[in-house]
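A look at the structure
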Amino acid sequence: MRTLIFDIWGEWGHFRKYYSTSSPLTFSVLPPTAAYGILGAVLGLSKENNMYLTQLKEAHTRIGVGLIHPVKKIMFGLNLINTKGNVWVPKQRREGARTQIRTEFLKDARFRLFVAMDDEALYNKLVSHIKQHKTYYTVSLGLSELLANFQFVDEIDGHWKKSTGEPVEMHTVVPLSLIRHKGVRLQPGKRYKKERLPLDMNDVRIVSAYEECLFDMNGQTIEADVAHYYEGTGNNGTIYRYVFLNERISESVVQQGEVL
Amino acid sequence: MITAVQELGKWVLQQESKETLDVLIEPISETNYPHVFLVEIENDQWKVEMEECEEGESHKYLYRRGASNGPNFSPTTIVTDLAKTFDKKFMAWFDKVIKQKANFSEPDISYIQNIYNIIHKNRDDIYRTLETKLSETNGGCVLTLKINGHYLKEDPVFVSLFTRLVQEKDSEVSAKDQVCSVCGHRQDVVMAGSPAFKFYTNDKPGFISGEFDKELAWRNHPVCMDCNLCLQEGKRFLENRLKFRFYGLEYHLIPEFIFGEPDTRDEVTEILRSGNKYKTLHSQQQIENSLADEEDILDALQEADDDVLFHLLFLRKVQSAERILMVVEDVIPSRLRKIFEAKKQVEQRFPLQEGPSPYRRYHLGRIRTFFNKSDDNKRQSDLDKYFLEITSAVFRGQPLDIRFLTRFFMQEIRKHVAGTSEREGEGSDTDKIFHVVRDALMNVIFFDELKILETGEGNFVPSKHFEGIFELYGPHLDRPEKKALFLLGALTQMLLKKQQYERNSQPFLKQLKGLKMQEKDFHGLLPKVQDKLQQYNAFDAKKQLLAEEISDFFLRAGTGWKLSVDEMNFCFVSGMNLVHHIENILYGKREETTEGEEK
């Protein structure tokens, strides 16, 4: 399976955790649900009626996410417009026109996206755009103000692999349900973190899968015995191992991996 | 984090074999509400009785708070103003249920209607009786019902209505057959968030992503009924056992288990369960027991495996909502070990001659000293933000810039210097300066031990006589100009001591320009100090040696130092503070120091 690998980074990022509204916190990792929007922006797919989602899902877009930079989080105040009561009439509001909300941001975030699609035309268009550093709409890390840059890294031919019973080096975050019991080789100097990420959403933006995912907060790879993954060799000989977070896992595959 | 709370709640529910109803009922604090008034209805007769509230038994009253301006989920209510409470909470519950009679079964409604009729008929008498009894009691009160000798929890109709009303409220905005964001499973019904945490709200359209439609708010944070119960129980456990005070702030300590090994889980949760609520890092009341108290909960937790992580959730209540001030995520036990080790290293450099402990204790309160209020006249602390940032940097191992720190250190030190200059001759004020400077020094050394102190570009030039002191106390003195300032501070302090001894005042303090000296001021200060010492006949060979080394460092440093005014002055006061170490080297341990001990 042809897989495009590219990096996306920015000075600031914010992917709001779904359970925090009045004090927004951010995920440490770019969730696949946000990656849909980024791909849609690069490809110029319409947001009207969530067409970008429909098209990307029809193309069976699969997304893997890796961390390149260590996770740094900073909180600072954002001045928001007070919209309570559905109206914004600054001078008539007793509590003031604006409200300051302390918001958590990612600082100097850099992620590596692994993307595969069944729709060859759309995939080729994506590869071409990424290689030429071309987008239809501006890409950002979570909020429109947090502009992002991106760069082509590699394009590889990924092969589906089953666990050999030994931990392997993984370049993406891995859902815990794919990791076999006691299958993580803990290495000194790494800060392991699990976070429940929204992995997939349907074309009316209802999240259809949430999962605990494991990664290293220092932005390095982790070694884990993963039930199944993809492996491919890059142009410079680097072997990439990755999982697509939003890939539908069939029942037979799930049975191979034991839930931790 | 939210999953960690859910898991904690699940664990508590299993351990205590609690039922759903027990989770829904809120306990009543016997300290705040020591009296319970019961309107007892028995065979069309009524009477008002009073009993003492026992928190452990309070679930029998079937209490759960409702909206602030509406009835609760049962007639049980806390009495604020009887006139309002009686009608708007107590009677209003019956009105609400009877109004919605179509939602409940016919026998239940006629049972409730019957009770309502009795109360309604005797409303004024009941009210007057309550009023009289209330006027005879002191302290908070609760108003509830007792039907035919049964408390509300023992009455199946009230229990059924209570459960129904709570569920109805929870599922105001809900959807069927959707995935729960907490457990990740597809569930029959999911609701829009859980009432456990008030930092999830959807009262403003901007909070509802995707068309701002409140009806669709469940899509943002779908929570199934089971997870909702676990979250509520988890939150209750956090409130009761894992909420700690921290220098005017509050935080919840949330454990999370990465791989969920049962042994670690049980061990850690048991520590948390048995831990004393107010013994932690440094509660304000127990400042001396801080950070390293043998019974300190973090102290106990540092021995755990790195399979467990801790999140420190700093919350502030704003009306009925909660605001997250800061989340310090992923603190691992090995990081705690490092912090405690650094603390030990700091303490060993500040021995005490008297007192139960051989060393001066170090705790994060010494950081709070500088990051509390920018102005003493302010009512509330306005530097919480910086204090939390620093706390977070300590726990996460993020760098701290010395220039940022010295700005606040000097602000506090200057306040005391100004006070002393105004009241010359008061020794205790000079001691206060020493305490503040020592706190600042302890902080600098603590950050250096944790390897999070950034001091800029260093230029190591060894000192001929005092390198030992620089190694122990001067992680920030990594350039010749900084060492020169430090030693000049020490020499100046010797002069001030001499003045204090000779004239019982320290007029030379005025030469220090309120510790806002610049590079040229320091260059000019050395000859002034030398001259003054000569006037007192105190510029002996040892002090000359010190002056020589200062000159040597000044010459090596050249001009145009890349230091902020605060940084320069902090190096200077560090030397003033540690003068006794310099004296010990120059004169041996004969000369007495004037450093006061902290009371």
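Residues numbered from 1 in each chain as written. Chains lettered and ligands numbered in written order. Predicted model: local features only at pLDDT ≥ 70, side-chain atom pairs only at ≥ 80, totals over all residues. Heavy atoms only, no water.

Chain B has the name CRISPR-associated protein Csh1 in an unreviewed UniProt entry, where Caldalkalibacillus uzonensis is given as its organism.

The name an unreviewed UniProt entry gives chain A is CRISPR-associated protein Cas5h, with Caldalkalibacillus uzonensis as the organism.

Overview of empty space enclosed by the protein
Quick reminder of the rule: In this analysis a 1.4 Å probe is tested at points of a 1 Å grid over the protein atoms alone, and where it fits but cannot get out there is a cavity; an open set with protein on both sides within 12 Å along at least five of seven lines is a pocket; lining residues have an atom within 4 Å of a point. Grid points are joined across faces, edges and corners, and a volume is the space filled by probe spheres set on the points. For the purposes of this entry, the term helix denotes a DSSP run of H or I that reaches at least four residues, the term strand denotes a run of E that reaches at least two, and both are numbered from the N terminus.
Applying the stated rule across the entire model yields nine cavities of 30 Å³ or more. Estimated volume of the second largest cavity: approximately 100 Å³. Surrounding the second largest cavity, 14 residues form its lining, Tyr19, Glu195 and Arg196 of chain A together with Met1 and Thr3 of chain B being those nearest its centre. Per element, the largest residue contribution to the lining of the second largest cavity is four residues, and it comes from strand 10 (residues 192-201) of chain A.

Description of the environment of Cys141 of chain B
Residue and element names in this part refer to chain B. Put simply, the test is: Three exposure classes are used, based on accessible area relative to the maximum for each residue type with a 1.4 Å probe and protein chains only: buried under 20%, partly exposed in between, and exposed over 50%. Two residues form a contact once any of their heavy atoms are found within 4.5 Å.
Looking at the element boundaries, Cys141 is found in strand 4 (residues 141-147). Looking at Cys141, the relative accessible area reads 3%, which means it is buried. Along the primary structure Cys141 and Gln398 are separated by 257 residues, whereas in three dimensions their C-alpha atoms are 49 Å apart. Excluding residues within four positions of it along the chain, Cys141 makes contact with Tyr33, His35, Phe37, Thr77, Ile78, Val79 and Leu134.

Here we look at the packing of helix 17 (residues 519-535) of chain B against helix 18 (residues 541-557) of chain B
Helix-helix packing is described using two parameters, namely the angle between the two axes and the distance between the axes. Residue and element names in this part refer to chain B. Using the following cut-off: The convention used is that axes are lines fitted to C-alpha atoms, helices contributing only their stretch in contact, and that angles between N-to-C directions extend from 0 to 180 degrees. Each angle receives one of four descriptions, namely roughly parallel if under 35 degrees, roughly antiparallel if over 145, roughly perpendicular if within 65 to 115, and oblique otherwise. Whether a crossing is left-handed or right-handed is set by the direction in which the near helix is turned from the far one by less than a right angle, anticlockwise for left-handed and clockwise for right-handed.
It is the contact of helix 17 with helix 18, at a shortest axis distance of 11 Å, that shows an interaxial angle of 170°. In terms of their interaxial angle, helix 17 and helix 18 are classed as roughly antiparallel. Where helix 17 crosses over helix 18, the two elements pack in a sense that is left-handed. On the side of helix 17, the interface is formed by Phe522, His523, Leu526, Gln530 and Leu533, while helix 18 contributes Lys543, Ala547, Ile550, Ser551 and Phe554.

Regarding the interface of chain B and chain A
Heads up, the rule is: Summed over both partners, the accessible area lost on bringing two parts together, with a 1.4 Å probe, is the buried area. Put simply, a salt bridge is a Lys or Arg side-chain nitrogen that is within 4 Å of an Asp or Glu carboxyl oxygen. We call two N or O atoms a polar contact when they sit within 3.5 Å, provided that within protein one can donate a hydrogen and the other can accept it, with sequence-adjacent residues counted only if both atoms are side-chain atoms. Side-chain classes follow a simple rule in which Ala, Val, Leu, Ile, Met, Phe, Trp, Tyr, Cys and Pro form the nonpolar group, Asp, Glu, Lys and Arg form the charged group, and the remainder, Gly included, forms the polar group.
Contacts between chain B and chain A engage 45 residues on the former and 35 residues on the latter. Roughly 3600 Å² of surface becomes buried between chain B and chain A when both sides are summed, with 52% attributable to carbon and sulfur atoms. Where chain B touches chain A, the interface holds four salt bridges. As a salt-bridge pair, Glu329 of chain B and Lys17 of chain A come within 3.1 Å of each other at their nearest N and O atoms. Linking chain B with chain A are 15 residue pairs in polar contact (both at pLDDT 80 or more). Those elements that provide at least two residues to the side of chain B that touches chain A are helix 1 (2-16), strand 6 (174-179), strand 10 (249-257), strand 11 (308-318), strand 12 (321-331) and helix 12 (384-396) of chain B. Residue contributions to the side of chain B that touches chain A peak at eight residues, all from strand 12 of chain B. Classifying every residue of the side of chain B that touches chain A gives 20 nonpolar, eleven polar and 14 charged.

Focus: the packing of helix 1 (residues 32-43) of chain A against helix 3 (residues 120-132) of chain A
Residue and element names in this part refer to chain A. Contact pair helix 1 / helix 3: the axes reach a minimum separation of 9 Å and the direction vectors enclose 80°. For the element pair helix 1 / helix 3, the angle class is roughly perpendicular. Within the contact between the two elements, helix 1 uses Leu39, Val42 and Leu43 and helix 3 uses Leu122, Lys125, Leu126, His129 and Ile130. Taken together, the residues of the contact of helix 1 with helix 3 sort by class into six nonpolar, one polar and one charged.

Focus: the pairing of strand 10 of chain B
All names here are of chain B. Filter applied, for reference: A pair of strands counts as paired when DSSP detects no fewer than two bridges linking them.
In terms of burial, strand 10 is largely enclosed, as eight of its nine residues are buried. For strand 9 (residues 243-246) and strand 10, the ladder comprises four bridges, and the chain directions are antiparallel. Bridge assignment links Phe246 to a residue of strand 10, and that residue is Leu249. A loop of two residues connects strand 9 with strand 10, the two strands running antiparallel in sequence, and Tyr247 in this loop sits at a positive phi of about 50°.

Focus on the packing of aromatic side chains
Inclusion rule: Stacked, tilted and edge-to-face are the three classes assigned to paired rings of Phe, Tyr and Trp, where Trp is represented by its six-membered ring and a pair needs centres within 6.5 Å; plane angles under 30 degrees give stacked, over 60 edge-to-face, the rest tilted. A ring is scored as having a charge over it whenever the NZ atom of a lysine or the CZ atom of an arginine sits within 6 Å of its centre and within 35 degrees of its normal.
Under the criterion given, the structure shown has 37 aromatic pairs over all chains. Residues Tyr362 of chain B and Phe446 of chain B carry aromatic rings whose centres are separated by 4.6 Å and whose planes lie at 40° to one another, so their mutual orientation is tilted. Taken together, the residues span a long stretch of sequence, with Tyr362 of chain B in the loop between helix 10 (333-348) and helix 11 (365-368) and Phe446 of chain B in helix 14 (residues 427-449) at a distance of 84 residues. By way of ring pairs, the aromatic residues Phe86, Phe90, Trp93, Phe94, Tyr111, Tyr116, Tyr127 and Phe158 of chain B are connected into one cluster. Above the face of the Trp9 of chain A ring, Arg110 of chain A is positioned so that its terminal group lies 4.0 Å from the ring centre.

Brief notes about the sheet that holds strand 12 (residues 222-226) of chain A
Residues and elements named next belong to chain A. Pairing within the open sheet is antiparallel, and its three strands lie in the order 7-12-9. Lying at the two open borders of the sheet, with one neighbouring strand each, are strand 7 (168-170) and strand 9 (179-185). Across the sheet, the mean angle separating the axes of adjacent strands is 45° when strand polarity is ignored. As paired strands, strand 7 and strand 12 are joined by three bridges and run antiparallel to one another. Of the residues in strand 12, the one forming a bridge with Val168 is Ala224.

What about the environment of Phe387 of chain B?
Residues and elements named next belong to chain B. Relative to the elements of secondary structure, Phe387 occurs in helix 12. Note on Phe387: relative accessible area 0%, which makes it buried. Expressed as a C-alpha distance, the spacing of Phe387 and Asn372, which sit 15 residues apart in the sequence, is 7.5 Å. Apart from the residues within four sequence positions on either side, Phe387 is in contact with Phe246, Tyr247, Leu249, Leu364, Ile367, Arg368 and Phe371.

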